[in-house]
Each structure stands twice: as C-alpha cells, then as structure tokens.
Amino acid sequence: IHLKKAIASSETNPELQKFFEQKFVEEQGHDKWAEDDLKSVEPLMGSPEFKPYVTEEMVKYVDMIASGIEEDPVLYPSYIYYTELLTVLLSHPMNEALAQQCRFGDNVATIITSHAELDQHHIVEGEAALKKLIDEQKYRERTLRFLDTLIEQHKKMFLSSLLN
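The written sequence of each chain sets the order in which its residues are numbered from 1. Residue-level local features of this predicted model are given only where pLDDT is at least 70; pairs of side-chain atoms are given and counted only at 80 or more, and the full residue set underlies all totals for whole chains, interfaces and linings. Processing note: side-chain calculations cover all non-hydrogen atoms of the structure and skip hydrogens and water entirely.

Turning our attention to the overall build of the protein chain. Strands here mean DSSP runs of E at least two residues long; helices mean DSSP runs of H or I at least four residues long; both are numbered from the N terminus. The number of helices and strands found in the protein chain is seven helices and zero strands. Start at the N end of the protein chain and walk to the C end: the helices and strands fall as α-α-α-α-α-α-α. Per-residue burial over the protein chain gives 38% buried out of 164 residues. Taking the contacts inside the protein chain whose residues are at least 6 apart along the sequence as the reference set, 77% of them involve residues at least 24 apart. The protein chains shown are the only cover counted for residues, whose accessible areas, like all others here, come from Shrake-Rupley with a 1.4 Å probe. Surface exposure of the protein chain reaches about 10400 Å², of which carbon and sulfur atoms provide 58%. Accessibility here uses a 1.4 Å probe with only protein chains present; expressed as a share of the type maximum, an area under 20% marks a residue as buried, one over 50% as exposed, and anything in between as partly exposed. Note on contacts: a residue pair qualifies if any of its non-hydrogen atoms lie within 4.5 Å across the two residues.

Set out below in structure tokens:
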C-alpha cells in the first residue's frame, strides 16, 4: 500500500519514483509468505490463548508512514532502510519470541526469516540509495526528524502490544 502511494506521490522526481518502482517489484510475492505462515498457525487460532488485536499505537504507526509519504515521498526511503535493517538485526529474536511467548512453534514466521535473508542485500543498496536520494542538507534534517518520530512510535507500538 505504501509503495503504491510513494510511486504515485513521486511523479515529479523520476529517480525517486524509479527507486519505489524497483522496491515494489522486489516485494512481490512476499504476501505469499504471510499467507503460508497464517496457514501454519491456523490450528492455534481456535485456542482460548489466541487473542489477535490491533492496538491504537499500531494504527498510528502505519498512519505516520502514510503521512510522511504525503508530506514528501523523499522521506520514505529512510523508513524502508530502517525497517530492512531492523528485520535483519532482529529476525532471530522475533522468531524466538513468537515461538516461546505465542506458542507458535519454531520458525513459524517465515515472512520474517525470508525478509531477513533478502534484506541483508537491500541494506547495502538502501544505504547507497539514501546517499543518492537525500543529498541536500535540508532533506537529511527532515529525514532524521521523520525517523526519530517513527522510532518513538515504533517503541510505543511494541510496548502497547506487550501491555495488552
């Protein structure tokens, strides 16, 4: 959803739009991982312990990403880089937490591990893209403010999910 919005919002910046189009192509098929993961946990969904929920903080996080794209699509590559880096660094602990705390079993979230494998390469590409796309000082400062705000909301999102 966000990449489509970013592509449409970056019409006046062909280089940025090309970056988003390439990212969109890279992401195709990833929803299949999530569908497969859901099938593997389907038997657990009927248990009384299974309580899916979306917190207000989660909704705010997603909305903040969309707002950043609307404000200026040049902010979005920094979010992509941040998310890919986080996925690589935290995929193992995230899978362990899902296995232990959610009782989903070992490596049930192939969407996380599969992304982590691919994102290792994307991090190098993302760093180069950021340097190229965010070359002016004004963008660096705005990007850092955008990321700081997202990181704060990211922490709130995870804390809210732990407290429910």
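From this point, the narrative continues.
Looking now at the pattern of salt bridges. Salt bridges are identified by distance alone: a Lys or Arg side-chain nitrogen within 4 Å of an Asp or Glu carboxyl oxygen. A full pass over the atoms with the stated rule returns 10 salt bridges. Here Asp 72 and Arg 142 are joined by a salt bridge, their closest N and O atoms 3.0 Å apart. Within this pair, whereas Asp 72 is found in the loop between helix 4 (56-71) and helix 5 (76-101), its partner Arg 142 is found in helix 7 (residues 137-163), the two being separated by 70 residues in sequence. Among the charged side chains, a salt-bridge network with shared partners connects Lys 23, Glu 26 and Glu 84.

What follows is about the packing of helix 1 (residues 2-9) against helix 2 (residues 14-27). Axis angles are defined between N-to-C directions and span 0 to 180 degrees, where every axis is a line fitted to C-alpha atoms and, for a helix, only to the segment in contact. Here helix 1 crosses helix 2 at 160 degrees, and the two axes come no closer than 8 Å. The angle between helix 1 and helix 2 places the two elements in the roughly antiparallel class. Here helix 1 and helix 2 pass one another in a crossing that is left-handed. Residues Leu 3, Lys 4, Ala 6 and Ile 7 of helix 1 pack against Gln 17, Phe 20, Glu 21, Lys 23, Phe 24 and Glu 27 of helix 2. Under this grouping Gly is polar, as are all residues other than the nonpolar Ala, Val, Leu, Ile, Met, Phe, Trp, Tyr, Cys and Pro and the charged Asp, Glu, Lys and Arg. Of the residues in the contact of helix 1 with helix 2, the class split is five nonpolar, one polar and four charged. Working rule for angles: under 35 degrees goes down as roughly parallel, over 145 as roughly antiparallel, 65 to 115 as roughly perpendicular, anything else as oblique. Take the far helix as your reference; a near helix turned counterclockwise from it by less than a right angle gives a left-handed crossing, and one turned clockwise gives a right-handed crossing.

It is worth spelling out helix 1 at this point. One full turn of an α-helix is made of 3.6 residues, so residues set three or four places apart face in the same direction. Those residues of helix 1 not exposed but buried are His 2, Leu 3, Ala 6 and Ile 7. Relative to the axis of helix 1, the buried residues are bounded by an arc of 140 degrees and lie together on one face. The arc under discussion is defined with respect to the helix axis, by the directions toward the C-beta atoms.

Side chains of Leu 89, Leu 90 and Met 94 sit close together on the surface and give an oily, nonpolar patch of about 270 Å² of accessible area. For Leu 89, the position within the fold is in helix 5. Every patch collects residues that have over 30% relative accessible area and no salt bridge, joining them within 9 Å if they carry like charges and within 5 Å if they are nonpolar side chains (Val, Leu, Ile, Met, Phe, Trp, Tyr).

Right, let's talk about the side chain of Gln 17 for a bit. As for its placement among the helices and strands, Gln 17 is situated in helix 2. The buried category is assigned to Gln 17, whose relative accessible area is 19%. Under the rule applied, a polar contact is a pair of N or O atoms within 3.5 Å (in protein, one hydrogen donor and one hydrogen acceptor; residues adjacent in sequence only if both atoms are side-chain atoms). Here the side chain of Gln 17 touches Ile 7 through a polar contact of 2.8 Å, landing on its backbone oxygen. For Gln 17, the contacting residues outside a window of four places in its chain are Ile 7, Ser 10 and Glu 11.

With their axes 12 Å apart at the nearest point, helix 2 and helix 6 (residues 110-133) run at an angle of 180 degrees to one another. When the axes of helix 2 and helix 6 are compared, the pair comes out roughly antiparallel. Contacts between helix 2 and helix 6 involve Glu 15, Leu 16, Phe 19, Lys 23, Glu 26 and Glu 27 from the first element and His 115, His 122, Glu 125, Ala 129, Lys 132 and Leu 133 from the second. Broken down by class, the residue content of the contact of helix 2 with helix 6 amounts to four nonpolar, two polar and six charged.

So, on to the environment of Tyr 82. Tracing the backbone through its elements, the reader meets Tyr 82 in helix 5. The exposure class of Tyr 82 is buried, given its relative accessible area of 14%. There is a polar contact of 2.8 Å between the side chain of Tyr 82 and the side chain of His 154.

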